[in-house]
Structure formats: C-alpha cells, structure tokens
Amino acid sequence: MIDTKVNIAGVEFKNPVIAASGTFGFGREFSEYFPISKLGGLSTKGLTLRQREGNKGVRIHETTGGIMNSIGLQNPGIDAFIEEELPFLNSQDTVIIANVSGNTIEEYVISVEKLNQTEIDMIELNISCPNVKEGGISFGTKAEIANNVVTQVRKVCKKPLMVKLSPSAENIVEMAESCVEAGADALSLVNTFPALAIDISKKKAIFDNITAGLSGPCIKPIALRMVYEVSKAVDVPVIGIGGIMDYRDVIEYIMAGAWAVQVGTANFINPNACAEIIEGIEEYLQKEGISTLEEIRGII
Amino acid sequence: MKEGYRGVDISSNTEIAKDIFELKVQIESNDSLGDPGQFYMLRSWDLDPLLSRPFSICNVEESVLTFLYKVVGRGTNYLSKLKPKDKLKVLGPLGNGFNLSVSGKVALISGGIGIAPMIYLAKKLNTGIDFYAGFTNEVYYMDYVQKYVDKIYITTEDGSTGQKGFITDIFKPEKYDVAFTCGPSPMMKKVVEKCENKAPVFVSMESVMACGMGACLGCSIKTKFGMKRVCKEGPVFKGEEVFFDD
C-alpha cells in the first residue's frame, strides 16, 4: 500500500506535489484541466498588501533549458484575494498556501495579520522575489536582514510559516539556519535565479529591469544541491523547488532531503503537469516497492 | 474538463511564400475546433525549446485546422521542417475570438502574417466585407479570401502587387460600420487612430506568452480597464481599450 502523505508543520498534504507560486495563478485556470484537489497543495500567486500591475516591457523570455520572467508581482492585493479568490480555493480539497511579499516589514506584518483571519492553511513568506525594486530579494540575500523580517512576521503570524529562500543568499545554509532560528516552521527553496539576457540588435537588455528571474530545467542541478545542503543543516521540513519537469525530478529532490516539492515552470508547458507528476510518483514507488516517501527521503 | 495537449497528425506543411508556411493538422474532436480570433499553443518538440508557440486559427474545415506562420526563430524553424504524418502537440482552442454578430459593412485590415485570423473571420462573418491586406512584397491567400468578400485591397511595400505603401494609407474608415484588424503593433495603432469617432474597431493583440492559458501573466497588457491577459481576456480587444505605446 503506497502512502504519499506528508505532514509539514502540522499540515497534512495528500502528496508531496505543490503548485509553485506565480505559476498557478489562484488555481482557476488549471481547474478547467484537472481537479486541483489532486494536488498536495497550491501556493498562490505572490500577494502584496496593495494591488500591483506588475512590470512594464517584456515579461517572459525563453532561454536554453529555461525561461526568464519579470512579471513584477502583478496581483490584486491581499483584500481582493481574500474576497474574490479565497472562497474558490477554500472549496478545493487541497492545502492552500498564501505566498506573501512586501516592500517593507510593516507590509508583510499587515498582510499576515489579514491572512490570520482566514482559512488559509499556511503562509509562504517570499523574501526572494528578484523582480521588484524594493523589498523582495533584498530581504533574502543577507541572513541577518532575513532573520529580522521572519522574526517580526513570526510575532504576529498564527499560521504555519514557511519561508521561501533565494538562491542569491550569500550563504544558503546560513540563510536557512537564520530563518529557522527566527521561527520558520518550514523552508521552501529556491526561488528564481537573477539572470541577464541582451538583445544584440537593439543593444539593450531584454528586460526593462535589466535582470529577471531564471527558472526551468537549467536551474535544477544547482537548486537540488542547495536543497541537499540545507536539508542536512536544518531540522525543519524543506520543500524543494527548481526545474521539476517530471516525477524523476521529484524523486531526486526527495532523495536529496526534501519533504515535498513545488512544481513551477512545468505548469506553463503542460497544464496537466502536476497531475501527471503525482501519478508518476505513485507508479515509481509501486515499481520500486517503496511504501512511503520517508524511506527514500535524504538518502543521499 | 478541457483537454490538455493532444497529439495530432500533420496533413500538410507548405511554404506558400518566402518563410511563410501553411500548416494543416487533423484533429478528431467532438467539441468545436475554435472560432475566428482564437488560437492554439503548438509544439513539435520535447523540452527544447521549452515553451510552446501560440498561433491563431487560420481556418477550420471539418476536422482539419489550418495555421499560418512565419519562420522567425527556433520554434517556427522546427515547425517548418515538419512533414505530413509527423506528430504535433496542440493545446486549444484558447482565448476569446471576434464578435461575429455584427451587421452592416465591415472592414478587415491585416498586416503581414496577421492575415491568419482575418481569413477565418472573413469566412465566418455573414455581412458585407472589404478585405485590406498589407504585405512586405509577396502576396498570399488572396485567391481563397476572394470568395468570402466584396472587395480586396492590397498594398505591398515594394509595389510589386497592388498599391505601393502601407495598408493603413488606403483604408478609409468612414465607409464602414465596424472594423477588425490584426498585424504589427504600429499598423494596428494607426488603424485604431483612423477609426476614432468613425467606426468601432476590434484588434487582435500579440504578446510573448509562456502558457497560453492565463497562468503566467507574461502576456498581460495594460488596458483602460486594468491589466488584461492577451491569452485569456483577449487576444481580441476593443481598439479604444488598449494602449499601443508602452
């Protein structure tokens, strides 16, 4: 009997596959293709206290084995999310994680206080968005700055708190330890890699912000190494993110120490990606005679 | 539930002008294959390039879907190599098409490969149509369009066929009750400007997109009514809603 359930910070996920923030909207578009109750969980598009239109100019650029994005946290704002999107999400039988971003610590705190009043299952603190001018990734590079943000949020947060780390952290293990020390119940890593592309005929950067976030299969080996290092160092669950395209990638992350994973870019390439990955994991476990993920977690 | 990517057979893939291809695929489906202005995401490769490519529906004839594309990069270069019986994966139909319940005299104005959705639109509209088609030099698909329209106006930039210049030079909005346009952004901008206070105009917008189904927000554009996704709320918008200058 195969059991893919995983308990993270007291929240039970029916399987380890979580749709990654910013790649799954608020679930509605994908619910037209498969019942999203199949998902272990869903992390919402990054939310900010106030509505954001996002960035101007090119927002998506394809590169070998990856895509670069500079969406800039386009979102309706926390209040509109709670009013217009959350009722639909709450009606789905899956774990709902609110991904929260902010320009200032105060914004994070107010957003989290608002979400405390809702039926959100978990909060994912985004201290790693590379595409906004203030806040975002600047909180995610230095361990002591991240520690302060997480400490302030932890004081008010009544939900399980997951912190999403940037691969731009000066030292990913120190960053992870610092966030756990400040009260993170779980860590998700990694966000996109700040990257650059240039249009040589226009002789200009492709993106108005010059740099943009790189995701997709090209980042997987680096992200996997970071998940491996962090999961060895901390004693909270680690959620692996980066370039997962199929169930084999998920198994690699679990073997590297992840408790669960987030699937991002793959959703853009196939709206049924998460559903197919979940089936693939079950088939793999069946074939290998493995009954729980715990048996292979962190074996590397 | 909507169907995800499905494998289809290629019926033909023909170069009809330099770097312009007509791709026909066979799809067995009980559902509609789509309306004018809707599009499909296409891929004939595994994970390289990573993303699929969006193409407007150029025609639907029973179970055969036609797309037109111009070879501009790696994706369209791969597509151009496909032969009959080769496999293709398609997702769609996607987006919202043109409003077909219009009456009176209609103008369709296309620029270059933007002609693709205009061809299917000409076939589906049940009213008087004048077709304005602008090309760089080579002219294509005009014989097919002829049977669905009252009059065809052609311009080429080199003057080799029709009038020399841009299609927006000869389009006269005051003659029409409604206009539809698809083509390069500066062309559509000009059409919208010319139509102001004369005729309502609908534009089919183009934008780089990753998913084609509303998730990535890569194709979002600013409109008078807030941010809209070209792939989901569009690709067809009212001309006065959109901004062409960023």
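Novice: Even after reading the chapter, I still don't get the environment of G22(A), so can you show me in this structure?
Specialist: All names here are of chain A. Looking at the element boundaries, G22 is found in the loop between strand 3 (17-19) and helix 1 (28-31). For G22, a count of 29 C-beta atoms within 10 Å puts it in the buried group. Among residues more than four places away in sequence, those in contact with G22 are K45, G46 and I71.

Novice: Even after reading the chapter, I still don't get unusual backbone geometry, so can you show me in this structure?
Specialist: Leave glycine aside and you will find that most residues have negative phi; peptide bonds, for their part, are mostly trans. Look at the link from D48(B) to P49(B): it is a cis peptide, with omega at 5°. By the element assignment, P49(B) lies in the loop between strand 3 (39-43) and strand 4 (53-56). Backbone torsion omega between G92(B) and P93(B) reads 0°, so that peptide bond is classified as cis. Tracing the sequence through the fold places P93(B) in strand 7 (residues 87-94). The backbone of I210(A) shows a phi angle near 70°, a positive value even though the residue is not glycine. Of note, I210(A) is situated in the loop between strand 13 (204-205) and strand 14 (211-215).

Novice: In this structure, what is going on with the packing of helix 6 (residues 172-181) of chain A against helix 7 (residues 220-233) of chain A? I would like to understand it.
Specialist: Residue and element names in this part refer to chain A. Across the interface, helix 6 lies against helix 7 with an axial gap of 9 Å and an inter-helix angle of 45°. The angle between helix 6 and helix 7 falls in the class oblique. Crossing angle aside, the handedness with which helix 6 passes helix 7 is right-handed. Contact residues: I172, V173, A176 and E177 in helix 6; M226, E229, V230 and A233 in helix 7. Residues belonging to the contact of helix 6 with helix 7 are distributed by class as follows: six nonpolar, no polar and two charged.

Novice: Help me understand the sheet that holds strand 14 of chain A in this model?
Specialist: Each strand in a sheet pairs with its neighbour through backbone hydrogen bonds, running either in the same direction (parallel) or in the opposite one (antiparallel). All names here are of chain A. The sheet built from four strands is open, its strands ordered 5-6-14-11 with antiparallel pairing. The sheet terminates laterally at strand 5 (60-63) and strand 11 (193-196), the two strands that pair on one side only. On average, each strand axis in the sheet is inclined to that of its neighbour by 40°, with strand direction left out of account.

Novice: Looking at this model, I keep getting lost on the domain arrangement of chain B. Mind explaining?
Specialist: Interface size is commonly expressed as the accessible surface area that is lost when the partners come together. Residues and elements named next belong to chain B. The assigned domain composition of chain B is domain 1 (6-94) and domain 2 (105-204). Just the C-alpha atoms count here: the centres of domain 1 and domain 2 sit 23 Å apart. Taken residue by residue, the interface counts 15 residues in domain 1 and twelve residues in domain 2. Listed by contribution, the elements that provide at least two residues to the side of domain 1 that touches domain 2 are strand 1 (6-17), strand 5 (59-61) and strand 6 (64-70). For the side of domain 1 that touches domain 2, a count of residues per class yields ten nonpolar, three polar and two charged.

Novice: So what exactly am I meant to see when it comes to the pairing of strand 4 of chain B here?
Specialist: Regular strands place side chains that alternate from one sheet face to the opposite one. All names here are of chain B. Taking every second residue as pointing to the same face, both faces of strand 4 are buried, with R53 and F55 on one and P54 and S56 on the other. In this structure, strand 3 lies alongside strand 4, joined through four bridges in antiparallel fashion. Following the sheet pairing, F39 is matched in strand 4 by S56.

Novice: How should the packing of helix 8 (residues 247-255) of chain A against helix 10 (residues 273-288) of chain A be read in this particular structure?
Specialist: Between two packed helices, the angle of one axis relative to the other and the distance separating the axes together describe the packing. All names here are of chain A. Remark: helix 8 packs on helix 10, axes separated minimally by 8 Å, with the N-to-C direction vectors making an angle of 65°. Seen from above, helix 8 lies across helix 10 with right-handed handedness. Facing Y247, V250 and I251 of helix 8, the residues of helix 10 in contact are I277, G280, I281 and Y284.

Novice: How do you make sense of helix 8 of chain A when you look at a structure like this?
Specialist: An α-helix turns once every 3.6 residues. As a result, residues three or four positions apart point the same way. Residue and element names in this part refer to chain A. Taken residue by residue, helix 8 has D249, V250, I251, Y253 and I254 as its buried positions. Buried positions along helix 8 lie against strand 3, helix 7, strand 15 (238-241), strand 16 (260-263) and helix 10. Looking one or two residues past helix 8, G257 carries a phi angle of roughly 125°, positive in sign.

About the cut-offs
The residue count restarts for each chain, going from 1 along the sequence in the order it is written. Chain A is the first chain written and ligand 1 is the first ligand written, with later ones labelled in order. Totals for whole chains, interfaces and linings use all residues, but because this is a predicted model, local features are given only for residues with pLDDT of at least 70 and pairs of side-chain atoms are given and counted only at 80 or more. Here a helix means four or more residues in a row that DSSP labels H or I, a strand means two or more in a row labelled E, and each is numbered from the N terminus. For the exposure call, what matters is how many other C-beta atoms sit within 10 Å of a residue's own: 20 or more marks it buried, 12 or fewer exposed, and in between partly exposed, using C-beta atoms placed from the backbone. Two residues qualify as a contact pair if the distance between their C-beta atoms, derived from the backbone, is within 7 Å. Here an axis means a line fitted to C-alpha atoms, over the contact stretch when the element is a helix, while the angle between two N-to-C directions is reported on a 0 to 180 degree scale. Note that the term roughly parallel is reserved for angles under 35 degrees, roughly antiparallel for angles over 145, roughly perpendicular for angles of 65 to 115, and oblique for everything else. With the far helix as reference, a near helix turned anticlockwise by less than a right angle produces a left-handed crossing, and one turned clockwise produces a right-handed crossing. Residues are grouped as follows: nonpolar covers Ala, Val, Leu, Ile, Met, Phe, Trp, Tyr, Cys and Pro; charged covers Asp, Glu, Lys and Arg; every other residue, Gly included, is treated as polar. One bridge is not enough; two strands pair if DSSP finds at least two bridges between them. All domain edges in this entry derive from an automatic or database-based domain assignment.

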